[in-house]
Amino acid sequence: MRSLLVLAFALAAVPALAQIPEAAEPSTFRIYTADGGPASFDSLTAAFVGADVVFLGEQHNDPVAHALQLDLLRATTEGERPVALSLEMFEQDVQLVLDEYLAGLIRERDFLAAARPWSNYDSDYRLLVEHARANGQPVLAANAPARYVRLVSQRGVGALAQLPLQARAYLPTPVVPASNALADKFLALMGSMMGHGGGSSADSSAASSHTAQSSGMPSLDGMLAAQNLRDVGMADAIAQHRAAQPDAVVLHVTGSFHSEGGLGIPEHLARLRPDDRVLIVTMVPAGDLDAFDPEAHAGLGDFVVLTDASLPRSYEAGF
C-alpha cells in the first residue's frame, strides 16, 4: 500500500504543476504598505534588498499566495545575495533527506516517501523546492517535528527533557515561552473558536483546561505551548542558517499567524539574532481587493497583500 501511495505522488506530480501559474495574475492581488498605502510588486521586491529574513505569511490553501511566493523567490534569486528558502511545511528531522534530494542523490519519489510532505505539497509548494533545487539554493526544513509538538500539547514543554539526546537535536534549546502579546492573541482566537469568546484569555484557558481534563484533549495552554514550540523551532532553524551564511537572505514561507504583526517567529528570531533585518509580508484573502480595512489589515506586516478570495481552494485551512 505504501508503494502505491508513493507511486500516486509521482503520477500526480505533472498535472499538479499546472495549478500554480508561471506568474501570479495582477488582477488577483493588491499590495499595500503596513498602513494601507498602495504598493507595487517592484517596490515590494526592492524592500527585500534591505532584509536578511523575509517572512511570507500565507493561508495554506491560498493559490494566489503560492503563485506570489514563487514570483518573489524568482525575483530574489536575481539579486546579488545568496538565497535560502525556509519552509514550515517540512520538519527538521527530514533535513538530511531534503538535502539529498536537492543534491540530486536520490529520486523525488524516495524523497517524498521519507520527507512526510504536506498533502498539498505537489500543488502548492513543489515548484518552490524545484526552483531552489535548479538554482543550487538550500531549503530549510524549519518546523519542529510534529510528534514532539503533540507531546508538548499533551504534557507540556517539560516532557521534552525525557527525550533521548538524538531526538532533542531536532528541537530548539531552550524553548522560550511565547510573549504575552502572542499568548493573548492565540488564546483569544482559540477561545472564540471553542465558544469562549466572551471571556478573557485567562477565563478561556481555565475553561479549556477543565474540558481537556474530562475529554483527554489538549488544553488551550497545551495548544499554546505547541504553537510556541513551532515558532521557536522555526526561528532557531533560520537563526542557525543565518549564523552559518551571514550574507544570505532567507525567505521563510509560513502560516500567517506565525509571523503577522511581528509576533511569533519574528519575536524569537529577534532574541536569537537581534541585528538581523526582518521584513514581514502577510497575504490575506479578501472579497474586495481594493478595500484595505485599517481595523483588520493595518500592521499585519510591513507589506500586506490582499488576494482574491473567490478563487477555488483545495481544502479548508486554519491559521
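Our structure is the block above this text.
Keep in mind it's a predicted model, so treat the numbers as computed, not measured.

Here is what the cut-offs are and how they apply
All chains use their own residue numbering, which begins from 1 and follows the written sequence. Selection of residues for local features in this predicted model requires a pLDDT of at least 70, selection of side-chain atom pairs for listing and counting requires 80 or more, and totals for whole chains, interfaces and linings are taken over all residues. To obtain the side-chain values, all non-hydrogen atoms of the structure were used and water was disregarded. Strand pairing is defined by DSSP finding a minimum of two bridges between the two strands. Only DSSP runs of H or I covering at least 4 residues are called helices, and only runs of E covering at least 2 are called strands; the numbering of each starts at the N terminus. The contact criterion used throughout is that any non-hydrogen atoms of two residues lie within 4.5 Å. Convention adopted: a line fitted to C-alpha atoms gives each axis, helices being fitted over their contacting stretch, and angles between N-to-C directions are expressed from 0 to 180 degrees. Note on angle classes: values under 35 degrees are labelled roughly parallel, values over 145 roughly antiparallel, values of 65 to 115 roughly perpendicular, and the remainder oblique. Helix crossings get a hand from a simple test, with the near helix turned counterclockwise from the far one by less than a right angle marking a left-handed crossing and a clockwise turn marking a right-handed one. For each residue, the accessible area found with a 1.4 Å probe, counting protein chains only, is set against the maximum for its type, and the residue is called buried under 20%, exposed over 50%, and partly exposed in between. By definition here, a salt bridge exists when the distance from a side-chain nitrogen of Lys or Arg to a carboxyl oxygen of Asp or Glu is within 4 Å. Put simply, buried Ala, Val, Leu, Ile, Met, Phe, Trp, Tyr and Cys residues joined by side-chain atoms within 4.5 Å make one nonpolar core. Expected helix span is computed as 1.5 Å times (number of residues minus one). By the criterion applied in these results, polar contacts are pairs of N or O atoms within 3.5 Å in which, for protein atoms, one can donate a hydrogen and the other can accept it, and in which residues neighboring in sequence qualify only through two side-chain atoms.

Overall, mixed pairing links the eight strands, which are arranged E2-E1-E8-E7-E3-E6-E4-E5 in an open sheet. Either end of the sheet is taken by a strand with one partner, and the two such strands are strand E2 (38-39) and strand E5 (139-143). When strand E1 (residues 29-33) meets E2, the two strands line up antiparallel, connected through two bridges. Directly across from tyrosine 32, in E2, lies its bridge partner proline 38. Here helix H4 (residues 95-102) sits on the sheet in contact with strand E4 (83-91) and E5, set at roughly 160° to E5. Lying over the sheet, helix H7 (residues 126-134) contacts E4, E5 and strand E6 (249-255), oriented at roughly 140° with respect to E4.

Turning our eyes to something else, we now look at the packing of helix H10 (residues 180-193) against helix H12 (residues 220-244). Between H10 and H12, the least distance of the axes is 10 Å, while the angle of their chain directions is 130°. If you check the angle between H10 and H12, you find them oblique. Crossing angle aside, the handedness with which H10 passes H12 is right-handed. Packed against H10, whose contacting residues are Leu182, Ala183, Phe186, Leu187, Met190 and Gly191, the element H12 presents Leu220, Asp221, Met223, Leu224, Gln227 and Asp231 at the interface.

A few words on the pairing of E6. Buried residues dominate E6, accounting for seven of its seven residues. Direction of pairing for strand E3 (residues 53-58) relative to E6: parallel, over a ladder of six bridges. Residue pairing for E6: glutamate 58 is matched across the bridge by glycine 255. Both E4 and E6 contribute to a ladder of five bridges, which runs parallel. Bridge pairing links serine 86 to histidine 252 in E6.

In total, this model carries 15 salt bridges according to the counting rule given. A salt bridge links arginine 147 to aspartate 93; its shortest N-O distance comes to 2.7 Å. You can see arginine 147 sitting in helix H8 (residues 146-155) and its partner aspartate 93 sitting in the loop between E4 and H4, a full 54 residues away along the chain. On the accessibility criterion, arginine 147 (38% relative accessible area) is partly exposed. The partner of aspartate 276 in a salt bridge is arginine 273, and the shortest N-O contact between them spans 2.8 Å.

Moving on, we get to the nonpolar core. One finds Phe48, Val54, Leu56, Leu87, Phe90 and Val281 to be the most contacted residues of the largest nonpolar core, which totals 44 residues. Per element, the largest residue contribution to this core is seven residues, and it comes from helix H3 (residues 63-77). When residues no more than four places from it in sequence are discounted, the contact partners of leucine 56 are Phe48, Gln69, Leu72, Leu251, His252, Val253, Thr254, Val281 and Met283. In terms of nonpolar packing, the next biggest core, distinct from the first, is built from 15 residues, Ala159, Leu160, Leu163 and Leu171 among them.

In this section: H12. Across its 25 residues, H12 extends 36 Å between first and last C-alpha, which sits within 8% of the 36 Å expected from 1.5 Å per residue. In terms of residue burial, H12 counts as a mostly covered element, since 19 of its 25 residues are buried.

Moving on: H3. An α-helical turn contains 3.6 residues, so a residue and the one three or four places further along point in the same direction. The terminal C-alpha atoms of H3, which comprises 15 residues, lie 21 Å apart, in line with the 21 Å expected from a rise of 1.5 Å per residue. Within H3, 11 of the 15 residues are buried, which leaves the element mostly enclosed by the surrounding structure. Three or more residues of H3 are buried, namely Val64, Ala65, His66, Ala67, Leu68, Gln69, Leu70, Asp71, Leu72, Leu73 and Thr76. Residue aspartate 62 occupies the N-cap position of H3, its side-chain oxygen lying 3.1 Å from the main-chain nitrogen of valine 64.

Tracing the chain through its elements places histidine 258 in the loop between E6 and helix H13 (265-272). The class for histidine 258 is buried, based on a relative accessible area of 3%. Among the polar contacts listed, one links the side chain of histidine 258 to the side chain of glutamate 88, at a separation of 3.5 Å. Excluding anything up to four places from it in sequence, histidine 258 contacts Glu88, Gln227, Arg230, Asp231, Met234, Leu263, Gly264, Ile265 and Pro266.

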